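Here is what each chain is made of, one letter per residue.
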Amino acid sequence: MSAPPSPAAASHAPTPVLAPAPFPSGPVRRLQGRGVAVVGNDIDTDRIIPARFLKCVSFDGLAQGAFADDRLEQPGAHPFDRPEHQGATILVVNGNFGCGSSREHAPQALMRWGIRALIGESFAEIFFGNCLALGIPCLQAPAADLAALQAALTASPATILDLDIEALRLTISPAAGAGDPRSLALSLAEGPQRMLVSGQWDGTAQLLAHGAALDATAARLPYLSGFGA
Amino acid sequence: MSAATLYDKVWDLHRVADLPGGSTQLFIGLHLIHEVTSPQAFTALHDLGLPVRHPERTVATVDHIVPTTSQARPFADPLAEEMLATLEANCAAHGITLHGLGSGRQGIVHVIAPELGLTQPGMTVACGDSHTSTHGAFGAIAFGIGTSQVRDVLASQSLAMNKLRVRRIWVEGTLQPGVYAKDLVLHVIRSLGVKGGVGHAYEFAGPAIDALSMEERMTLCNMAIEGGARVGYCNPDATTFAYLRGRPHAPAGEAWERAVAWWSSLASGPDAVYDDEVRFDAAAIAPTVTWGITPGQGIGVDECVPTLEQTPAEERPLAEEAYRYMDLTPGTPIAGLPVDVCFIGSCTNGRLSDLRAAAAVARGRRVAAGIKAFVVPGSEQVAAAAEAEGLDAVFRAAGFEWREPGCSMCLAMNPDRLEGRQISASSSNRNFKGRQGSASGRTLLMSPAMVAAAAVRGQVADVRELLATAPADPAAAPLAAGRP
Ligand code: SF4
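Quick notes on the rules
- Residues numbered from 1 in each chain as written.
- Chains lettered and ligands numbered in written order.
- Predicted model: local features only at pLDDT ≥ 70, side-chain atom pairs only at ≥ 80, totals over all residues.
- Heavy atoms only, no water.
- Helix = DSSP H or I, 4+ residues; strand = E, 2+ residues; numbered from the N terminus.
- Contact = heavy atoms within 4.5 Å.
- Near = heavy atom within 4 Å.
- Nonpolar A, V, L, I, M, F, W, Y, C, P; charged D, E, K, R; others polar.
- Domains from an automatic or database assignment.
- Pairing = 2+ DSSP bridges.
- Axes fitted to C-alpha atoms, helices over the stretch in contact; angles between N-to-C directions.
- Phe/Tyr/Trp six-rings, centres within 6.5 Å; stacked < 30°, edge-to-face > 60°.
- Buried < 20%, exposed > 50% of the residue type's maximum accessible area, 1.4 Å probe, protein only.
- Lys NZ or Arg CZ within 6 Å of the ring centre and 35° of its normal.
- Parallel < 35°, antiparallel > 145°, perpendicular 65-115°, else oblique.
- Left-handed = near helix turned anticlockwise from the far one by under 90°.
- Core = buried A, V, L, I, M, F, W, Y, C linked by side-chain atoms within 4.5 Å.
- Buried area = accessible area lost by both parts, 1.4 Å probe.
- Salt bridge = Lys/Arg side-chain N within 4 Å of Asp/Glu carboxyl O.
- Polar contact = N/O pair within 3.5 Å; in protein donor to acceptor, adjacent residues only side chain to side chain.

Got a minute to help me understand the environment of Cys410(B) in this structure?
Residue and element names in this part refer to chain B. Position of Cys410 among the secondary structure elements: in the loop between strand E17 (401–402) and strand E18 (423–426). Taking the C-alpha atoms as reference points, Cys410 and Ala384, 26 residues apart in sequence, are found 21 Å from one another. The contact partners of Cys410, leaving out residues within four places of it in the chain, are Phe343, Ser346, Ser428, Asn429, Arg435 and Gln436.

Have a look at this one:
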């Protein structure tokens, strides 16, 4: 992990418990940090980043847009505004997170706020793929475990989460004196897991490696050759 | 596992290679871009020092940020102007065709690609926009992608994809008068849920689908994604070919016959195997309206907002959130709910047949007092065709505003938006919280004819009643053209 820290993420750390995590680069095997819970099923990308924040030609500065309307609705009380959650890197959600619009601005906004991994009951497909392309794993866990984890994070925000993407295991270590570490089994499809762990989640180079096969495919498509004149 | 469906055949044809992560590299036949999701992709390409591999397979338009009142440049909003200028510069630098404002071909990306004949059966179509599923109406495999994937398509004309399961949605019967493809798809999503299609391609088939026009099929496939299905498609048939014939990018001459033969060979045949099938009866579907904050929270216009007791346990928290946000009382009829704004347009329902259906309701009637109602054609071609047959005059006479083409109030990235708690009757595709530009704005999704009915009644109304009765003032129709 050697990418420079994001200036946008840095500006969001009034409680400097942890240095802002750098953006993902290379293999994504293990992440350690605090968690933040955003509760609710079917949280769509319009809620993750309202459309007005899409008016930009660069992703820089999207952190302020993360959950902007939800944050407006509950000034200061949204988990992304609570001082004790600043610097959190693991977002714990519920079912069908990231449904709706395909906007990559959604994972970009979460990443720029500081999120480096998500754990939820299920994720919308495009959102999952957009996260993967940024090196951000979206891992799954059963609903009941997630509800318990969300409650634990809200009650004790200092809880340290240790996410092992190779072993698909989350270790939950409550702050000193608040109980013993627990662990939670996670799931992630084998393909994405391999891509993350091997560092091959940025797929452009892989696609370009098959130049000859690309040309061969194009050559057999009737609509690219006047329908086989 | 599915076999011999159109999806399987098109998938196999476009397979380039198996990738290390277990996904498949798929060749992309048509890549569409717009100003919102492309700039960062071009920047990434530039940073990697890569060219656009097939600039002739990417086509651009501008739709999301364009104002619909005046499209004079520079735009009043400097950010919108910057986005368009960036798109223009990127297209010029890479030799990509841009159908810009005033070209006669500009419009919402999912409206213009079909009308230009760019979208054809058997293609893979990708666009950084979730409603790319629209193009499946032609028997293409079309899906929305993220910005990193836009970069990948620009760089390699291909994508890493995972194969979907194929669910056949078989629709028997005939849609009743006043019931449209929009109602059909809202009904499907209501029945199968907004997550029902996750991991699936929806093949829409059966007598009711065969009877749909291409524009209706586009409405249907457009909203497949709202049911969680990233891909929705209809098999190509005579209706498809009749639509495509003579379009600017459609094959012509001898190539046309060869194209039709190939396209026909792609349709799912009797040997097709599906992962599963769901059946519907078109005749049983009523005009459908959403009452909540997801497209799955829909009911017939003759029904009441469902009570908690009528709602499956796992959907109750969302229902409660929707009652609060929408300020609705469970158990009350949706018909009669007053609205503030009526919007006809979007890639779901901004085509000529949509405007005709709405105009048939608006003709000879007046928008109710205090209602803001406006019509936004989906493209410059739609606008010109509608004006040629006088639909603009019908709408204006009825008190609707007639606007310039664009995405408009489907999502508020342009000046068209809800204010405060306003509630809209909208022919678009998403009723998510804040979707239409106000963090507390409310949206009721329905067909364009139902939006027109809501506009003239000032409240949610059953369009079938209006279609069954003559306008109160039939003399208003001939006067229409003369009014401002
Ligand atoms: S009309 Fe709406 S859904 Fe369609 S492309 Fe534009 S913003 Fe997206």
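Help me understand the site of the ligand, please; the structure alone is not making it clear to me.
Residue and element names in this part refer to chain B. Near the ligand the following residues occur: His64, Ile108, His110, Asp129, His131, Ser346, Cys347, Cys407, Cys410, Leu411, Asn429 and Arg435. Residues of the shell around the ligand, tallied by class, amount to five nonpolar, five polar and two charged. Of the domains in this structure, domain 1 (6–266) and domain 2 (288–467) are the two that each give at least three residues to the shell around the ligand.

I would appreciate a short explanation of the sheet that holds strand E4 (residues 58–61) of chain B in the present structure.
To summarise the sheet geometry, strands pair through backbone hydrogen bonds and adopt either a parallel or an antiparallel arrangement. Residues and elements named next belong to chain B. Pairing is parallel across the open sheet formed by five strands, whose spatial order is E5-E4-E3-E6-E7. Where the open sheet ends on each side, the last strands, each with one partner, are strand E5 (97–99) and strand E7 (141–144). Ignoring which end each strand starts from, the neighbouring axes of this sheet average 20 degrees apart. Taken together, the three bridges between strand E3 (residues 30–33) and E4 define a ladder with parallel strand orientation. Its bridge partner lying in E4, Ile33 is registered against Ala60.

Where do I start with the packing of aromatic side chains in this structure?
Think of a pair of aromatic rings as described by two things: how far the centres are apart, and how the planes are tilted against each other in angle. This structure, assessed with the given rule, holds 16 aromatic pairs over all chains. The interplanar angle of 45 degrees and the centroid separation of 6.1 Å between the aromatic rings of Tyr223(A) and Trp262(B) together place this pair among those described as tilted. Here the residue Tyr223(A) occupies a position in the segment after helix H9 (211–219), and Trp262(B) occupies one in helix H10 (residues 254–266), the pair thus bridging two chains. Trp262(B) carries the same exposure label as Tyr223(A), and that label is buried. One aromatic cluster is present, built from ring pairs that chain together Tyr223(A), Phe227(A), Phe241(B), Trp256(B), Trp262(B) and Trp263(B). One Lys or Arg, Arg247(B), reaches over the ring of Tyr243(B) and ends 3.8 Å from the middle of that ring. Positioned above the aromatic ring of Phe374(B) is the side chain of Lys372(B), whose terminal nitrogen or guanidinium carbon lies 5.3 Å from the ring centre.

Where do I start with the packing of helix H2 (residues 39–48) of chain B against helix H3 (residues 78–94) of chain B in this structure?
The geometry of a pair of packed helices is captured by two quantities: the angle between their axes and the separation between those axes. All names here are of chain B. Between H2 and H3, the shortest axis-to-axis distance is 10 Å and the interhelical angle comes to 45 degrees. By the angle between their directions, the pair H2 and H3 is classed as oblique. You can see that H2 and H3 cross each other, and the crossing is left-handed. Counted together, Pro39, Phe42 and Leu45 of H2 and Thr86, Asn90 and His94 of H3 form the full contact between these two elements. Per-class residue counts for the contact of H2 with H3 are three nonpolar, three polar and no charged.

Looking at this structure, I do not really get the sheet that holds strand E9 (residues 165–172) of chain B. What am I missing?
All names here are of chain B. Spatial strand order, E11-E10-E9-E12: four strands in an open sheet with parallel pairing. Two strands in the sheet have a free side with no partner beyond their single neighbour: strand E11 (231–234) and strand E12 (276–281). The mean angle between the axes of side-by-side strands here comes to 20 degrees, regardless of whether they run parallel or antiparallel. Two strands pair when backbone bridges link them, and strand E10 (residues 200–205) and E11 are joined in this way by four bridges, in the parallel orientation.

For this particular structure, what's the right way to read the nonpolar core?
If you look at the biggest cluster of nonpolar residues, it comprises 198 residues, and the most contacted ones within it are Phe97(A), Leu118(A), Phe127(A), Phe395(B) and Phe400(B). A per-element tally of this core places helix H16 (residues 448–457) of chain B first, with eight residues. Among residues more than four places away in sequence, those in contact with Phe97(A) are Ile43(A), Ile48(A), Phe67(A), Leu91(A), Leu110(A), Leu118(A), Ser122(A), Phe123(A), Ala124(A) and Phe127(A). In terms of nonpolar packing, the next biggest core, distinct from the first, is built from 25 residues, Ile90(A), Leu153(A), Leu184(A) and Leu196(A) among them.

Explain the interface of chain B and chain A to me, please; I cannot follow it from the model alone.
Think of interface size as the accessible area that goes away when the parts come together; that is how it is often given. With 75 residues of chain B at the contact, the number on the chain A side is 52 residues. With both sides pooled, the region where chain B packs onto chain A buries about 5,100 Å², and carbon together with sulfur makes up 59% of that total. Of all residues in chain B, the largest losses of buried area upon contact with chain A belong to Pro20(B), Gln40(B) and Arg53(B), amounting jointly to 10% of the total for that side. Viewed at the interface, chain A and chain B are joined by five salt bridges. Viewed at the interface, chain A and chain B are joined by 20 residue pairs in polar contact (both at pLDDT 80 or more). At seven residues, helix H5 (residues 147–156) of chain B tops the list of elements feeding residues into the side of chain B that touches chain A. In terms of residue class, the side of chain B that touches chain A is built from 35 nonpolar, 23 polar and 17 charged.

Sorry, what's going on with unusual backbone geometry here?
Of all residues except glycine, most have a negative phi; of all peptide bonds, most are trans. Of the consecutive residues Arg73(B) and Pro74(B), the connecting peptide bond is found in the cis state with omega at -15 degrees. The topology assignment puts Pro74(B) in the loop between E4 and H3. Phi angles above zero are rare outside glycine, and Asp42(A) is one such case at about 60 degrees. Mapped onto the elements of the fold, Asp42(A) is located in the loop between strand E1 (30–37) and helix H2 (45–48). Given the relative accessible area of 8%, Asp42(A) is considered buried. Non-glycine residue Asn96(A) carries a positive phi angle of around 55 degrees. Within the fold, Asn96(A) resides in the loop between strand E2 (90–92) and helix H4 (105–113). By relative accessible area, which is 3% here, Asn96(A) ends up buried.

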